[in-house]
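Per-entry structural report
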Amino acid sequence: MQILSRGIATAGRAVARHNIALTLAMVTSIALLSFTRPAAAMNIQQITSPGGIQAWLVEERSVPLISMRYAFDGGSSQDPEGKPGVANFITAMMDEGAGDLTSEEYQERVEDISMRMSYDDTKDSLYGSFETLSANRDKAVELLKLSVQKPRFDDDAVQRIRQQLVANIIYSDKDPTKVAMREWYAQAFAGHPYARPSSGTAETVSKINRDDLIAYHKRIFARDNLKIVAVGDITPAELGKLIDDVFGNLPAKAELMPVAKTEPTGGSQRVIEMGVPQSVAIFGLGAMPRKDPDFMAAFIINHILGGGGFSAKLMEEVREKRGLAYSVYSYVQPDKITSILVGSVATKNASMSESLDIIRNEMKKMAENGPTEADLDAAKSYLTGSYALRFDTNSKIASQLLGLMQEGFGPDYVENRNKMIDAVTLADAKRVAARLLKSNDLIVTVVGKPDGMKSEIPAAQSRVAAPTRG
């Protein structure tokens, strides 16, 4: 959750903040224009701080701005049993006072120097984002340090944020897309921590208290499960000092509960009634892990099938030829515990069944015949040509590199990635399409009132490994 624009002080301070914020915005704009070099030309330095914390650094001294991304292994899969939503709760609390500063005092100081800081969570990780002007680095680092090491979790702030989170959940429960995605995970990973709603429910969040947040922070915020990437106006020596200052006093080891590897439970369809004029479907199945030799071919196959925007097969068949939906797409998401290919389509209730039949048919055709040579060449050309666009700002570079660190790749991945795509042959693509797109295993969750559709869930469905959480 973003930490900006909350306090209102005197008119003079407001003007000063406005000027600093304007400066930061201008500097960010300059940074946007300054990163025009190819991704492979970046000098990615691997550093180790005097305290032994490792990080990657891309120095960019032409703009007085520093961006840092960091992640702790953990995420919502580490929520305590019976209390899903703790990880998400803590991401909203990290700017609600730290050290000797109350929530209001902390946020005023953040605004005074136009520092940007936010936290987010996924199933596997808890992410932090930090940006500051070079001129304000010392003050910004001190605030970040307090947030990471000494969050207060005051009762009044906990109560206020809890009310906001519960209100968000109640609102989300009326959003068919969010309900469909939440229930897809519940259906695909029944009995596993991945099945639990990451944001929790109104009931579980209402029970989360200060002690839960303190316990989660103590277990997850540690040095051995920490990954850091910095980009911008800072030297290796300066970054080493910075990360020791911010993270050096955290516990050496996290206390992570083991989470069993799993895969989606296949071949089912669930319909959840909601009184909306347009139904939403989430569909998906298991995919290759990130370091599987076939992952890159699967990535290309998905681009051809549903990941390539208006050039994708699903978009062509569902939208362009038949006008059934405004959008239909799919993507491959490799997580630490599992990997999935998942997609979505939204259409009027009368057209949902037909749309899903077309999607299944396109998956079946791709599995049986694979892509054409022209499809493969076009996908490879786009994917290699557009890769540099992921690295055109400091923050995007930091986010991309952090993802590679988490996946266990080295800095050379950036240089070799396009070569791996170019190396995928038509025979590879056809073989992997058959391995990946087993349409009979498709898990579908529909929210709305789709005409003629009903839930079809096999009795003996689950093949998910029993969770081994302690």
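Remember, predicted model here, so these are calculated numbers, not experimental data. (Residues numbered from 1 in each chain as written. Predicted model: local features only at pLDDT ≥ 70, side-chain atom pairs only at ≥ 80, totals over all residues. Heavy atoms only, no water.)

**A word on the overall build of the protein chain**
- A tally of helices and strands in the protein chain yields 16 helices and eleven strands.
- For the protein chain, buried positions account for 54% of its 470 residues.
- Considering only intrachain contacts with a sequence separation of at least 6, the fraction spanning at least 24 residues in the protein chain is 85%.
- Only carbon and sulfur atoms are counted for the fraction: they give 52% of the accessible area of the protein chain, which is about 20300 Å². (Helix = DSSP H or I, 4+ residues; strand = E, 2+ residues; numbered from the N terminus. Buried < 20%, exposed > 50% of the residue type's maximum accessible area, 1.4 Å probe, protein only. Contact = heavy atoms within 4.5 Å. Areas by Shrake-Rupley, 256 points an atom, 1.4 Å probe, with all protein chains shown as cover.)

**Quick notes on the sheet that holds strand β9 (residues 328-334)**
- Spatially, the five strands line up as an open sheet ordered β7-β11-β8-β10-β9, and their pairing is mixed. The open sheet has two free edges, formed respectively by β7 (268-273) and β9, since each of these has just one partner strand. Neighbouring strand axes in the sheet, compared pairwise and without regard to direction, differ in orientation by 15° on average.
- When β7 meets strand β11 (residues 443-448), the two strands line up parallel, connected through six bridges. In the strand pairing of β11, S268 is matched with I443.
- In this fold helix α6 (residues 176-188) packs onto β7, β8 (278-286), β9, β10 (339-348) and β11, with an angle of close to 150° to the strand it touches most, β11.
- The strands touched by helix α10 (residues 295-307) are β9 and β10; relative to β9, the strand with the most contacts, the crossing angle is about 165°. (Pairing = 2+ DSSP bridges. Axes fitted to C-alpha atoms, helices over the stretch in contact; angles between N-to-C directions.)

**What about the pairing of strand β4 (residues 116-121)?**
- Note: β4 against strand β5 (residues 125-133), six bridges, orientation antiparallel. Considered in β5, the bridge of Y119 is made with G128.
- From the end of β4 to the start of β5, which pair antiparallel, there are three residues.

**Section: helix α5 (residues 155-172)**
- End to end, α5 covers 25 Å across 18 residues, agreeing with the expected 26 Å (1.5 Å per residue, within 8%).
- Among all positions in α5, only A157, V158, I161, L165, V166, I169 and S172 are buried. Looking straight down α5, one finds that the buried residues subtend no more than 160° of arc, so they occupy a single side. Exposed residues on α5 whose side chains face more than 90 degrees from its buried face are D156, Q163 and Y171. (Expected span 1.5 Å × (residues − 1). Arc of directions from axis to C-beta.)

**Observations concerning the packing of aromatic side chains**
- The full count for this structure, using the stated rule, is twelve aromatic pairs.
- Taking 5.4 Å as the distance between ring centres and 85° as the angle between the ring planes, the aromatic pair formed by W184 and Y185 counts as edge-to-face. Accessibility assignment for this pair places W184 and Y185 in one class, buried.
- Between the aromatic rings of F189 and Y194, the centroid separation amounts to 5.6 Å while the plane-to-plane angle is 70°, which identifies the pairing as edge-to-face.
- Members of the aromatic cluster, joined through ring pairs, are Y70, F72, Y119, F221 and F247.
- Over the face of the ring belonging to F409 we find K291, whose NZ or CZ atom lies 5.0 Å from the ring centre.
- Its end group placed over the ring of Y326, R319 keeps NZ or CZ at 4.7 Å from the ring centre. (Phe/Tyr/Trp six-rings, centres within 6.5 Å; stacked < 30°, edge-to-face > 60°. Lys NZ or Arg CZ within 6 Å of the ring centre and 35° of its normal.)

**Comments concerning the pairing of β8**
- The buried fraction of β8 is high, at seven of nine residues.
- Pairing between β8 and β10: nine bridges, direction antiparallel. The residue bridging A281 from the neighbouring strand is V345, located in β10.
- Alignment of β8 against β11, held across five bridges, turns out to be antiparallel. Within β11, the residue paired with V280 across the bridge is V447.

**Considerations on the sheet that holds β5**
- What the six strands build is an open sheet, ordered β1-β2-β6-β3-β5-β4; its pairing is mixed. Two strands in the sheet have a free side with no partner beyond their single neighbour: β1 (45-48) and β4. Each adjacent strand pair in this sheet contributes to an overall mean axis angle of 20°, direction not counted.
- Two elements, strand β3 (residues 65-73) and β5, share nine bridges in a ladder whose sense is antiparallel. Pairing of S67 across the sheet is with E131, part of β5.

**A look at the pattern of salt bridges**
- Counted according to the given criterion, the structure contains 29 salt bridges.
- R61 is the salt-bridge partner of E59, the closest N and O atoms lying 3.3 Å from each other.
- Among the ionic pairs, E316 bridges to K321, the shortest N-O distance being 4.0 Å.
- Accessibility expressed as a relative area gives 30% for E316, which makes it partly exposed.
- Taking relative accessible area as the criterion, K321 reaches 54% and is therefore assigned exposed.
- If you follow the salt bridges from partner to partner, you end up with D292, D294, D428, R431 and R435 in one network. (Salt bridge = Lys/Arg side-chain N within 4 Å of Asp/Glu carboxyl O.)

**Some remarks on the nonpolar core**
- Among the nonpolar cores identified, the biggest contains 62 residues, and F283, V345, L356, I359, L401 and L437 are the most heavily contacted of them.
- Considering every element that reaches this core, the biggest residue donor is α10, with eight residues.
- When residues of this core are assigned to domains, at least three map to each of domain 1 (44-248) and domain 2 (268-448).
- Beyond its immediate stretch of four places on either side in the chain, L401 contacts I44, W56, V58, V229, F391 and V414.
- The next biggest cluster of nonpolar side chains, apart from the first, holds 54 residues, and it includes M68, A92, V141 and L226. (Core = buried A, V, L, I, M, F, W, Y, C linked by side-chain atoms within 4.5 Å. Domains from an automatic or database assignment.)

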